[in-house]
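One-letter residues, chain by chain:
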Amino acid sequence: MKNYDVIIAGAGSAGVPLAMFLAENKIKVLVLEKKPSCGQGQNKAAIGGIRATHSDGSKIKTCLKSLEIFSSWHEKEGEDIGWRRGGYLFPVYREKEEKTLKELLKTQEKFGLNINWISAQEVKELVKGINEDGLIGGTFSPNDGSASPLLSINAFYRKAVSNGAEFSFNEQIKEVKKKGNLFSVKTSDKEYETPIFINAAGAHAKEISLMLGVDIPVKPDCHEAGITEPAERFVEPMVVDIREGEKSKNYYFYQNFEGQIIFCMTPDPQIWGYDRKSTSEFLPEISKRMLNILPGLSNIKVRRVWRGLYPMTPDGFPIVQFDAAGVENYIIAAGMCGQGFMLGPGLGWIISKIITKQASKEDESIYNFRLNRDFSGQEKLK
Ligand SMILES: Cc1cc2nc3c(=O)[nH]c(=O)nc-3n(C[C@H](O)[C@H](O)[C@H](O)COP(=O)(O)OP(=O)(O)OC[C@H]3O[C@@H](n4cnc5c(N)ncnc54)[C@H](O)[C@@H]3O)c2cc1C
C-alpha cells in the first residue's frame, strides 16, 4: 500500500492545477482519475472562457488569480495554451439588463475588477457589424480572456508531474473510508492511505462525498456548445447576451486563438442528468440568436457540436470546504457549475496555500464557498 500526503479524486479543471500547486509546495500528492488521461471529464467540454466578471467578490478574486496564471503561462513556462486577452463584452438592448449590469458594476469595481459601462458607439467599435437596433451600450472588462481547455490542462498536468505529483489513470475510486486519522481510498484494484482527501470529482462529486457520508448538492446540468471552421480575425471579445430567448437563457461566443467561433448556450428549461447526446434544439436556437446579434456570422460553417455537464449547485456558486461536515481533512472542491475551467487555477492556488499553512488572512478571504450556506442566493452571471 502506497501512502501520500494528499489524494485528489479527479484529474479535471479543479484537480490538475490543485495537484500542480500542492506538488510545487513539496506535498506528496496522488491524483486518481477513472478516465485514461486528464481533462476527459467536463474540462474538455468547456469553451475556454476565462473571466473575473462575476457577481460575487470571492469568485471575482479567485478568477483574478486564475487570469494571472493563464495570462502569464506562455511567458513563464514557454508553452502556448491559446491564451488571448480579448475581454468580455455584455451588449445591452433593454433597460432590464442595463439595470442588472449597472447594479453589478458596484460589486465588481469594489473587488478590483477592471470593468466599465461603455456606450453603444464603443460596443459597435469592439464588435464590427453588431446589430445596432435598440443597442443601448454594455459592460466591457478588457482583462478577461480565453484559452484552450485541452492545451491548458495538459500544460498544468506536465507542470504538476515535473513538480513531483503522481497521476494514476483508469483508476476509478470505489470506496473512501475514514479510519482514525487516515482515509483509506479503494479503487478497482488498489488501496491507498492518506491523511488528506480532496474531492474534485466534478459531476460525480456527490457520489464520492456520499462514500464519506457527506451529502452535497451537486448535480449534472446539461449544456451544449459548438465550434465553427476557422476564419480571419474579426471579433476579439467574448460576447455574452444575457437576454432570454425562446428556448434558452443566456448564450455567448468568441473567436478563439485559431480563428474558430466557439459558442455555448443555457437551455431553458434546464436539462438535468448525465446524458451527453447532442439535441436537435441547440443549433437552431443558438444560430438564430447569434445571427440576430451578429448577422455576418451567417457566412461561417459549424464544424461540430457537443454536450457536457455543468456540475451544478442550487445557487450557482462552487463548494470549497475544509473538514467538510466535521470529517477532519476531508476537502471538497466541487460544484464548479459553468466556470470550473476559469476557477480551477485560482482555487488550486488558494487551497494549496491553506493546506501548506502559507495563506495570509487576505488569501483566505478569497474563497468563501462554504458547504453550510443555505444556497438561497443566486449567481447573477451564471
Ligand atoms: C458546454 C460547456 C461549456 C463550458 N464552458 C466553460 C467556459 O467557457 N469556462 C469555464 O470556466 N467553464 C466552462 N464550462 C464548465 C467547466 O467545464 C466545468 O465547470 C469544469 O470542467 C468542472 O471541473 P471539475 O474539475 O469540477 O470537473 P471535471 O473537469 O469533470 O473533472 C472531474 C474528474 O473526476 C473524474 N472522476 C469522477 N468520478 C471519479 C471516480 N469515482 N474515480 C476517479 N475519477 C473520477 C472524472 O472522470 C473527471 O475527469 C463549460 C461546461 C460545458 C458543459
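Residues numbered from 1 in each chain as written. Predicted model: local features only at pLDDT ≥ 70, side-chain atom pairs only at ≥ 80, totals over all residues. Heavy atoms only, no water.

This part covers the site of the ligand. Taken together, 38 residues surround the ligand, and among them Ser13, Glu33, Gln42, Cys337 and Met342 come closest. A distance of 2.9 Å separates an oxygen atom of the ligand from a polar atom in the backbone of glycine 49. Between the ligand and glutamine 339, the relevant distance is 3.3 Å, taken from an oxygen atom to a main-chain nitrogen or oxygen of the residue. Notes on the ligand: free accessible area 1,000 Å², of which the protein chains cover 99%. (Near = heavy atom within 4 Å. Polar contact = N/O pair within 3.5 Å; in protein donor to acceptor, adjacent residues only side chain to side chain. Areas by Shrake-Rupley, 256 points an atom, 1.4 Å probe, with all protein chains shown as cover.)

We now examine the state of the cysteines. All told, the structure shown has zero disulfides when counted by the stated rule. Of the cysteine sulfurs around cysteine 222, a residue in no disulfide, the closest is that of cysteine 264, at 12 Å. Cysteine 222 sits in the buried class, given a relative accessible area of 1%. With no disulfide of its own, cysteine 337 has cysteine 63 as its nearest cysteine by sulfur position, at a separation of 12 Å. Residue classification places cysteine 337 among the buried positions, given a relative accessible area of 6%. (Disulfide = S-S within 2.5 Å. Buried < 20%, exposed > 50% of the residue type's maximum accessible area, 1.4 Å probe, protein only.)

Bringing the pattern of salt bridges into the picture now. Opposite charge on two side chains permits pairing when their charged atoms draw close. Taken as a whole and assessed by the stated rule, the structure comprises 22 salt bridges. Glutamate 97 is the partner of arginine 94 in a salt bridge, and the nearest nitrogen-oxygen pair spans 2.6 Å. Overall, the relative accessible area of 5% leaves glutamate 97 in the buried class. Between aspartate 275 and lysine 277 there is a salt bridge, with the nearest N and O atoms lying 3.4 Å from each other. Within the structure, one salt-bridge network assembled from shared partners comprises Arg94, Lys96, Glu97 and Glu244. (Salt bridge = Lys/Arg side-chain N within 4 Å of Asp/Glu carboxyl O.)

With that settled, the discussion passes to the side chain of serine 148. Tracing the backbone through its elements, the reader meets serine 148 in the loop between strand E8 (145-146) and helix H5 (149-163). Setting aside chain neighbours within four positions, we find serine 148 in contact with Ile81, Gly82, Phe257 and Phe341. (Helix = DSSP H or I, 4+ residues; strand = E, 2+ residues; numbered from the N terminus. Contact = heavy atoms within 4.5 Å.)

A few words now on unusual backbone geometry. Aspartate 268 connects to proline 269 through a cis peptide bond whose omega is 5°. Assignment of secondary structure puts proline 269 in the loop between strand E17 (260-267) and strand E18 (271-272). A positive phi angle, near 50°, is found at aspartate 323, a position not held by glycine. Structurally, aspartate 323 can be placed in the loop between strand E20 (319-321) and strand E21 (330-334). Judged by relative accessible area, which is 38%, aspartate 323 ranks as partly exposed. Although it is not a glycine, cysteine 337 adopts a positive phi angle of roughly 50°. When you line up the elements, cysteine 337 lands in the loop between E21 and helix H8 (340-355).

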